[in-house]
Amino acid sequence: MVKSGGSKTSRHLGWAWASPGLIFLTLFAAIPVLSMLFMSVLTAGRFGGVTTPINFDNFSRATDPIFVKVIINSLLIASATAILSLLIGFPTALFISRLSRKWQVILIVAIILPYWTNFLVRTYAWLVLLNNEGIINKFLRNIGLIDKPIEMLYTPAAVIVGMTYLYLPLMILPIYAALEKVDKNLTEAAFDLGSSAWKSLRTISIPLAMPGILIGFIFVFVPSLGNFVVPELLGGGKTVMIGNLVRDQFLKARDWPFGATFALILALILVVLISIQSYVSKRVNVNA
Amino acid sequence: MATVRKFKFSATVVAAAALLLSACGGSSDSASSASVDTNVDITTQKLVISNWAGYYPEDLAAKVKEAIGVDITITNHANNEEIMGKLTASDDSGIDIAFVSGQYAQALAAGGKIVNFDKAAIPNLANLYPEVADLAYDKGTNYSAPYAWGTTGICYRSDLVDFTPDSWNDLLNPKDSIKGKTTMLATERWLALPAMKLLGYSMNTTNADEIAKAKEQLVKTKPTLLAYDDTAYYTKLVSGEAVLSESWDGWCNYGIAENPAIKFVIPKEGSDLWADTMVILSSSKNKEAAHAFINYILQADVHAWVANNILYKVPNKAATETLDPALATSYPNMGLTPAELLKGEVVLDLGTDSKLYTDLATSVTSS
């Protein structure tokens with residue numbers, strides 16, 4: 001970031017450097033969000049598309065208890081996904097950050113590697129693992145632990161597991177990046193001075209990793225909230241999320257304005273969340 | 001800083017407004033008629049065709065090239081909603097021929113997105129069953145050439161179900177022995193169909209009371225289901241995860257091909273009659289080749305070859321008569337007669353009332 005108040009040329013240079021980012025944001029964030037805003041107050045065309053007159057009915061329609069329930073449900077599922085990712089991601093990142101340089105590289109590559117496979121294929125793998133006649137249930141039955149299959153697939157829990165698996169690297173990488181910068185002498189000194197492992201974790205590693213944790217949380221929460229494929233595949237269509245509402249209104253009901261209303265609600269939730277994240281992150285940085 | 005920000009904002013507004021205007025872009029209100037110029041050399045035209053994945057013989061493009069000399073590119077869509085999205089998002093989708101279900105052809109025609117055929121260029125329309133001309137989504141077969149047709153019923157594992165299903169009630173209020181092992185279609189019109197038929201309503205109803213009653217039944221059914229599934233249910237039947245599924249007849253055949261214990265039944269309360277059709281887009285610049293393509297598909301031996309390949313019934317009398325009777329022995333629903341099929345209710349486009357069904361599906365699946 002170029003700080004304002006520099007000389008005139010450096011300020012011009014700053015804008016030049018920022019322009020690709022600004023153009024990108026204008027084209028792919030500002031314009032789409034604004035067109036959603038416009039679209040949400042228009043009337044649905046007969047075959048999709050939008051026509052006049054302008055009206056605000058969609059916002060009252062969106063407060064129907066069915067839809068409110070879906071939105072709350074989505075927030076819960078996305079939160080559970082982000083928390084589960086944090087619980088798995090933080091220890092993993094901490095472990096990796098304490099290894100030798102060579103092993104760090106190997107393990108980070110190993111974490112990114114599954115991304116080379118199409119995500120649908122990876123999601124189907126969970127279908128094979130979790131279904132009632134699947135590998136896990138068959139194994140448990142064969143060793144005599146259960147006689148009826150455990151219903152794992154087509155539940156909200158399966159959706160959370162599937163999305164955690166998909167987005168876990170997005171949690172590990174920012175936390176690792178934060179921890180990797182931490183001076184190893186800090187924890188060593190803490191141990192030398194008689195601090196317990198838990199205390200050094202609580203007073204050194206977690207606070208210093210906090211910016212990474214917050215970013216990871218956002219990185220996992222945001223795509224989880226908008227996801228509609230995983231609820232369909234692993235949730236068996238029985239778990240509906242806000243992403244499914246947007247998709248269904250655009251493609252099935254051909255009601256673009258109502259779909260735009262949900263997309264806007266989704267965007268608003270994210271704006272609030274990211275504001276909180278940047279506020280907390282700033283305070284953490286000041287304290288540190 | 002402030003001035004720059006203000007400028008950025010107004011530029012965005014202008015761009016957004018421009019985008020919106022283009023989305024509003026006008027379209028006429030009914031199908032225009034195509035007139036085929038017989039002097040055009042169709043081998044100079046190229047066709048882009050969008051069909052469901054796996055719903056045509058793999059070597060179709062090569063056969064077409066060989067037979068009528070037209071280069072075709074086949075793109076795939078997963079469902080009607082996806083292709084409708086592509087066709088309505090802009091005035092020219094770049095697609096010449098689309099495969100869509102009858103009620104969607106009806107909607108596209110009403111929106112002026114597809115052309116009325118120049119029937120002189122498709123003489124093979126005469127091969128179709130005469131009943132086809134009465135199908136309510138396109139009386140007279142003016143803008144949609146039927147490619148396959150069928151009905152919706154119950155596909156089940158006769159070896160894993162301890163009774164012979166014959167009613168939508170077996171799906172909607174399942175016996176304890178099959179609870180948690182049944183699936184229903186997820187597409188809203190078919191999600192609603194079993195309840196509508198069980199309650200004795202039309203599957204095209206827009207009556208609020210009837211829809212509310214159907215919703216009540218479907219909400220009651222939801223906890224007994226394994227999943228809502230349009231695409232992979234036959235694999236669930238094959239693995240035994242599911243034992244009874246609401247199913248399009250052709251999809252059940254894919255299960256039967258892998259396990260002969262899988263059977264198909266049309267419930268006694270009745271069902272639907274759906275047709276998948278070929279339509280020519282108004283935006284197509286290759287209408288002569290497009291007509292020739294449709295005529296080629298409707299040719300008796302070609303349409304029979306398609307039926308053998310995709311295991312769906314084709315509404316082509318001449319083609320069906322050449323089909324190997326053994327096919328109907330292995331796949332009993334391939335032997336359904338037009339009279340039996342026509343007992344089903346034709347699925348119609350509901351226009352702006354479509355959202356009644358989307359809301360119904362959302363409130364059921366999120367209950």
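Residues numbered from 1 in each chain as written. Chains lettered and ligands numbered in written order. Predicted model: local features only at pLDDT ≥ 70, side-chain atom pairs only at ≥ 80, totals over all residues. Heavy atoms only, no water.

**A short note on the overall build of chain B**
We apply this condition: Only DSSP runs of H or I with at least four residues qualify as helices, and only runs of E with at least two residues qualify as strands; both kinds are numbered from the N terminus onward. A simple rule labels every residue: compare its accessible area, found with a 1.4 Å probe on the protein chains alone, to the largest value its type can have, and call it buried under 20%, exposed over 50%, or partly exposed in between. What makes two residues a contact is simply this: any of their non-hydrogen atoms within 4.5 Å. Residue burial considers only the protein chains on display, and all accessible areas are found by Shrake-Rupley using a 1.4 Å probe. Only four residue types enter the tally: Lys and Arg on the positive side, Asp and Glu on the negative side; His and the chain ends are excluded. For this purpose, a charge sits on NZ of Lys, CZ of Arg, CG of Asp or CD of Glu.
Helix and strand content of chain B: 15 helices and 13 strands. Looking at chain B as a whole, 57% of its 367 residues are labelled buried. The contacts of chain B with a sequence gap of at least 6 include a subset with a gap of at least 24, amounting to 76%. Working note: accessible area of chain B is about 14400 Å², and carbon and sulfur atoms make up 54% of it. For chain B, the distance from the average position of its 29 positive side-chain charges to the average position of its 43 negative side-chain charges is 7 Å.

**Considering the state of the cysteines**
Residue and element names in this part refer to chain B. Our working rule: When two cysteine sulfur atoms are found within 2.5 Å, that pair is recorded as a disulfide.
Scanning all chains against the criterion turns up 1 disulfide over all chains. Across the disulfide, Cys155 is cross-linked to Cys252 (sulfur-sulfur distance 2.1 Å). Taking the sign of the S-S torsion, 85 degrees for the link of Cys155 and Cys252, the bridge is right-handed. Here Cys155, found in strand S7 (residues 152-157), pairs with Cys252, found in helix H9 (residues 249-258); they are 97 residues apart in sequence, far enough to count as distant. In terms of burial, Cys155 and Cys252 fall into one category: buried.

**Here's the deal with the environment of B:Ala361**
All names here are of chain B. For Ala361, the location among the structural elements is in helix H15 (residues 354-365). Ala361 sits in the buried class, given a relative accessible area of 10%. Setting aside residues no more than four positions away along its own chain, Ala361 makes contact with Glu188 and Leu191.

**Regarding the confidence of the model for chain A**
Spelled out, the test is: Per-residue confidence from the predictor is reported as pLDDT, a score between 0 and 100.
Of the residues in chain A, 94% have a pLDDT of 70 or more, and the chain-wide mean is 88. Note on residues 1-5 of chain A: pLDDT under 50 across the span, and 3 contacts to partners over four residues away in sequence or across chains.

**Comments concerning the interface of chain B and chain A**
Test applied: Once two parts are brought into contact, the accessible area they lose, counted with a 1.4 Å probe and summed over both, makes up the buried area. Throughout this description, the term salt bridge denotes a Lys or Arg side-chain nitrogen within 4 Å of a carboxyl oxygen of Asp or Glu. By the criterion applied in these results, polar contacts are pairs of N or O atoms within 3.5 Å in which, for protein atoms, one can donate a hydrogen and the other can accept it, and in which residues neighboring in sequence qualify only through two side-chain atoms.
Listed as interface residues are 43 residues of chain B and, on the opposing side, 37 residues of chain A. Between chain B and chain A lies a buried interface of about 3500 Å² when both sides are counted; carbon and sulfur atoms form 67% of it. At the boundary of chain B and chain A, one finds 1 salt bridge. A:Asp255 serves as the salt-bridge partner of B:Lys355, at 3.9 Å between the closest nitrogen and oxygen. Our count for the chain B to chain A interface comes out at 7 residue pairs in polar contact (both at pLDDT 80 or more). At the level of secondary structure, the elements contributing two or more residues to the side of chain B that touches chain A comprise helix H1 (2-24), helix H3 (80-89), helix H4 (102-110), strand S9 (225-228), helix H8 (233-239) and H15 of chain B. With 10 residues, H1(B) is the single largest residue contributor to the side of chain B that touches chain A.

**Looking at the sheet that holds S9(B)**
All names here are of chain B. Inclusion rule: Here, a strand pair is defined by DSSP locating no fewer than two bridges between the strands. Note on geometry: axes are C-alpha line fits, over the in-contact stretch for helices, and angles between N-to-C directions span 0 to 180 degrees.
Overall, mixed pairing links the 5 strands, which are arranged S9-S8-S10-S7-S11 in an open sheet. In the strand order of this sheet, the two ends are held by S9 and strand S11 (262-265), each with one partner. Across the sheet, the mean angle from the axis of one strand to that of its neighbour is 30 degrees, orientation sign disregarded. Both S7 and S11 contribute to a ladder of 4 bridges, which runs antiparallel. Considered in S11, the bridge of Cys155 is made with Phe264. Against the sheet, helix H6 (residues 188-198) engages S7, strand S8 (182-184), S9 and strand S10 (244-248), with an angle of about 120 degrees to S10.

**Focus on the pattern of salt bridges**
Counted according to the given criterion, the structure contains 17 salt bridges over all chains. In this structure, A:Arg141 engages A:Glu133 in a salt bridge whose closest nitrogen and oxygen atoms are separated by 3.8 Å. In this structure, a network of salt bridges that share partners links the residues A:Arg61, A:Asp255 and B:Lys355.

**What about the packing of aromatic side chains?**
Residue and element names in this part refer to chain B. We apply this condition: Between rings of Phe, Tyr and Trp, where Trp is taken as its six-membered ring, a pair exists when centres lie within 6.5 Å; planes separated by under 30 degrees are stacked, by over 60 edge-to-face, and by other angles tilted.
The tally for this structure, following the rule as stated, stands at 19 aromatic pairs over all chains. Aromatic pair Tyr129 and Trp149: ring centres 5.9 Å apart, planes at 20 degrees, arrangement stacked. Of the two residues, Tyr129 sits in the loop between strand S5 (115-116) and strand S6 (145-150) while Trp149 sits in strand S6, which places them 20 residues apart along the sequence. In terms of burial, Tyr129 and Trp149 fall into one category: buried.

**Re the nonpolar core**
How we decide: Nine residue types can take part in a nonpolar core, namely buried Ala, Val, Leu, Ile, Met, Phe, Trp, Tyr and Cys, and a core is a set of them joined through side-chain atoms within 4.5 Å. An automatic or database domain assignment is the source of the domain bounds shown.
By size, the foremost hydrophobic cluster in this structure holds 141 residues, and its most contacted members are B:Leu47, B:Ile97, B:Tyr147, B:Met278, B:Phe293 and B:Ile294. When residues in this core are grouped by element, the largest group, 12 residues, is from helix H7 (residues 156-180) of chain A. Each of two domains, domain 1 (32-149 + 274-336) and domain 2 (152-270 + 348-365) of chain B, supplies a minimum of three residues to this core. Beyond its immediate sequence surroundings of up to four residues, B:Ile294 is in contact with B:Ile97, B:Phe117, B:Ile122, B:Ala145, B:Met278 and B:Ile280.

**As for a nonpolar patch on the surface**
To keep things clear, this is the line we draw: A patch consists of residues exposed above 30% relative accessible area that lack any salt bridge, with like charges linked at up to 9 Å and nonpolar side chains (Val, Leu, Ile, Met, Phe, Trp, Tyr) linked at up to 5 Å.
On the surface, a cluster of nonpolar side chains totalling about 600 Å² of accessible area is made up of A:Val105, A:Val109, A:Ile112, A:Leu113, A:Tyr115 and A:Trp116. A relative accessible area of 36% means that A:Tyr115 is categorised as partly exposed.

**A closer look at the pairing of strand S12 (residues 272-280) of chain B**
Residue and element names in this part refer to chain B. Counted residue by residue, S12 has 9 buried out of 9 residues, so it is predominantly covered. Burial along S12 is two-sided: Asp272, Trp274, Asp276, Met278 and Ile280 and Leu273, Ala275, Thr277 and Val279, pointing in opposite directions, are all buried. The pairing of strand S4 (residues 97-101) with S12 spans 5 bridges and is classified as antiparallel. Within the sheet, the bridge partner assigned to Phe99 lies in S12 and is Met278. Relative to S12, S6 is paired through 5 bridges, and the arrangement is antiparallel. Bridge pairing links Trp149 to Ala275 in S12.

**Some words on the packing of helix H3 (residues 65-97) of chain A against helix H9 (residues 197-226) of chain A**
Residues and elements named next belong to chain A. Worth spelling out the cut-off: With respect to orientation, any angle under 35 degrees is reported as roughly parallel, any angle over 145 as roughly antiparallel, any angle of 65 to 115 as roughly perpendicular, and every other angle as oblique. In this scheme the handedness of a crossing depends on how the near helix is turned from the far one: anticlockwise by less than a right angle means left-handed, clockwise means right-handed.
Running from N to C, H3 and H9 point in directions that differ by 140 degrees, and their axes come no closer than 9 Å. Comparing the axis directions of H3 and H9 gives the class oblique. For the pair H3 and H9, the crossing hand works out as right-handed. For the pair H3 and H9, the contacting residues are Ser74, Leu75, Ala78, Ser79, Thr81, Ala82, Ile83, Ser85, Leu86, Phe90 and Leu94 in the first and Leu201, Ser205, Ile206, Ala209, Ile213, Phe217, Val220, Phe221, Ser224 and Leu225 in the second.

**Topic: unusual backbone geometry**
Positive phi, normally seen in glycine, also occurs at A:Tyr154, with a value near 60 degrees. Looking at the element boundaries, A:Tyr154 is found in the loop between helix H6 (135-142) and H7. One non-glycine residue, B:Leu311, adopts positive backbone phi at about 60 degrees. With respect to the helices and strands, the residue B:Leu311 is situated in the loop between helix H11 (300-310) and helix H12 (317-322).

**What to know about the side chain of B:Thr365**
Tracing the chain through its elements places B:Thr365 in helix H15. Classification of B:Thr365 by relative accessible area gives buried; the value is 11%. At 2.8 Å, the side chain of B:Thr365 forms a polar contact with the backbone oxygen of B:Ala361. When near neighbours in sequence (up to four residues on either side) are disregarded, B:Thr365 contacts A:Gly237, A:Lys238, A:Val240, B:Leu191, B:Lys222 and B:Tyr228.

**Describing the domain arrangement of chain B**
Buried accessible area, meaning the area lost when the parts come together, often serves as the stated size of an interface. All names here are of chain B. When the domains of chain B are assigned, the result is domain 1 (32-149 + 274-336) and domain 2 (152-270 + 348-365). On a C-alpha basis, the centres of domain 1 and domain 2 stand 28 Å from each other. Taken residue by residue, the interface counts 18 residues in domain 1 and 15 residues in domain 2. Around 1400 Å² of area is buried between domain 1 and domain 2 when both sides are counted, 54% of it from carbon and sulfur atoms. Its largest share of buried area at the contact with domain 2, domain 1 owes to Trp274, Tyr312 and Asn333, together 35% of the area lost on that side. The interface formed by domain 1 and domain 2 includes 1 salt bridge. Linking domain 1 with domain 2 are 7 residue pairs in polar contact (both at pLDDT 80 or more). Among the elements that take part in the side of domain 1 that touches domain 2, H4 stands out by supplying 3 residues, more than any other.

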